[in-house]
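Letter by letter, the chains look like this.
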Amino acid sequence: MQSRHEHPRTFSFEFFPPNTPEGAEKLRAATQQLAQLKPKFFSVTFGAGGSTRERTLGTVLDIRAQGYAAAPHISCVASTRASVREMLQRYKDNGIKHLVALRGDLPSGIAAAGEFRYANELVSFIREEFGDHFHIEVAAYPEYHPQAKSAQDDLANFKRKVEAGANSAITQYFYNAEAYYHFVDQCEAMNIAIPIVPGIMPIGRFSQLARFSDACGAEIPRWMRNKFESYGDDTASIRAFGLDVVTKLCDDLLSNSAPGLHFYTLNQAGLTTTIWQRLGI
Ligand code: FAD
């Protein structure tokens, strides 16, 4: 299959834009540490509705000023075509050629009045307005998106993004490798040939992971949840078990020809570096 066998592997690390000078300083240190692992790029998230537009761009430029490749995310929910065009133009004017295009989620309670409904419309818009200037990554959901009407519907919607011009995809995180393999097989059956890079969430704090997972619909398998809960507030054991589970997941994915790994670092270098060293990449 093309997505699994014919593309060079891509390793990347995701950050969120820090909102304090101290956060920015810490992120520079994390960038320096992670850069030693020689990722293809760093990516920087974008607050839905444009809430982080300046900080996302600023963080990308900061990473580039340190000598590394960086791709901003951009989301379209609650945005006008004019505001998205302006942001894309700013990315282009700053020499950016690689981005992650998303619909985004608004915090609950905020009404979304915008000119885009779904990410495929954003991808089409980018291609209409900027041709092939950008390499476009989109999101994929091996366990399916929580708002999808059905698994088949979600796959069809993923295909829309690919047909609109996405070059590659990064998945939501998961801890069940079978879900990813099944998703990739289904994509292959639908003639989707772009690389689908697994998104990896290292586990440092279980309570934080449980909160994220409830929000984004990623499943924490019962056996893992039970084990984490049995550690109570023994943070060293939680960290050690999390490292074992995630390293094994990554090893399994790479042994089965995943086209790379994308780490959700939460701006911390430690866990990702340890997993990387254990994998011996
Ligand atoms: P879509 O692809 O538009 O899908 C959203 C839902 O709508 C799905 O249920 C899908 O089945 C359905 N759908 C899609 N197209 C259609 C259609 N044409 N007709 C009917 N239904 C349709 N969020 C941020 O706010 N900022 C970020 O920087 C960010 N980065 C992310 C990076 C990655 C790698 C991932 C996996 C997620 C990221 N997210 C980010 C979260 C993302 O915005 C949410 O998961 C959001 O709910 C969906 O975004 P999407 O681009 O996948 O949406």
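What you see is a predicted model, and the numbers here were worked out from it, not measured in a lab. (Residues numbered from 1 in each chain as written. Predicted model: local features only at pLDDT ≥ 70, side-chain atom pairs only at ≥ 80, totals over all residues. Heavy atoms only, no water.)

1. Comments concerning the packing of aromatic side chains
Part 1: Across all of its chains, the model carries 18 aromatic pairs by this definition.
Part 2: Summarising the aromatic geometry, the rings of phenylalanine 116 and phenylalanine 125 are spaced 5.3 Å apart at their centres and angled 75 degrees between planes, so their arrangement reads as edge-to-face.
Part 3: You can call phenylalanine 116 buried: its relative accessible area is 5%.
Part 4: Among the residues examined, phenylalanine 125 registers a relative accessible area of 1% and is labelled buried.
Part 5: Look at phenylalanine 130 and phenylalanine 134: their rings are 5.7 Å apart centre to centre, the planes differ by 65 degrees, and that puts the pair in the edge-to-face class. As far as the burial class goes, phenylalanine 130 and phenylalanine 134 line up, both buried.
Part 6: Members of the aromatic cluster, each reached through a chain of ring pairs, are Phe11, Phe13, Phe15, Phe42, Tyr68, Phe263 and Trp276.
Part 7: Across from the ring centre of phenylalanine 241, 5.5 Å away, lies the NZ or CZ of lysine 227, which sits over that ring. (Phe/Tyr/Trp six-rings, centres within 6.5 Å; stacked < 30°, edge-to-face > 60°. Buried < 20%, exposed > 50% of the residue type's maximum accessible area, 1.4 Å probe, protein only. Lys NZ or Arg CZ within 6 Å of the ring centre and 35° of its normal.)

2. Details of the sheet that holds strand β2 (residues 41-44)
Part 1: Strand order in this closed barrel of eight strands is β1-β2-β3-β4-β5-β6-β7-β8, and the pairing throughout is parallel. Averaged over all pairs of adjacent strands, the angle between their axes in this sheet comes to 30 degrees, without regard to strand direction.
Part 2: Direction of pairing for strand β6 (residues 168-173) relative to strand β7 (residues 196-200): parallel, over a ladder of three bridges. Paired with tyrosine 173 across the strands is glycine 199, a residue of β7. (Pairing = 2+ DSSP bridges. Helix = DSSP H or I, 4+ residues; strand = E, 2+ residues; numbered from the N terminus. Axes fitted to C-alpha atoms, helices over the stretch in contact; angles between N-to-C directions.)

Distances and angles like these do not, on their own, reveal function.
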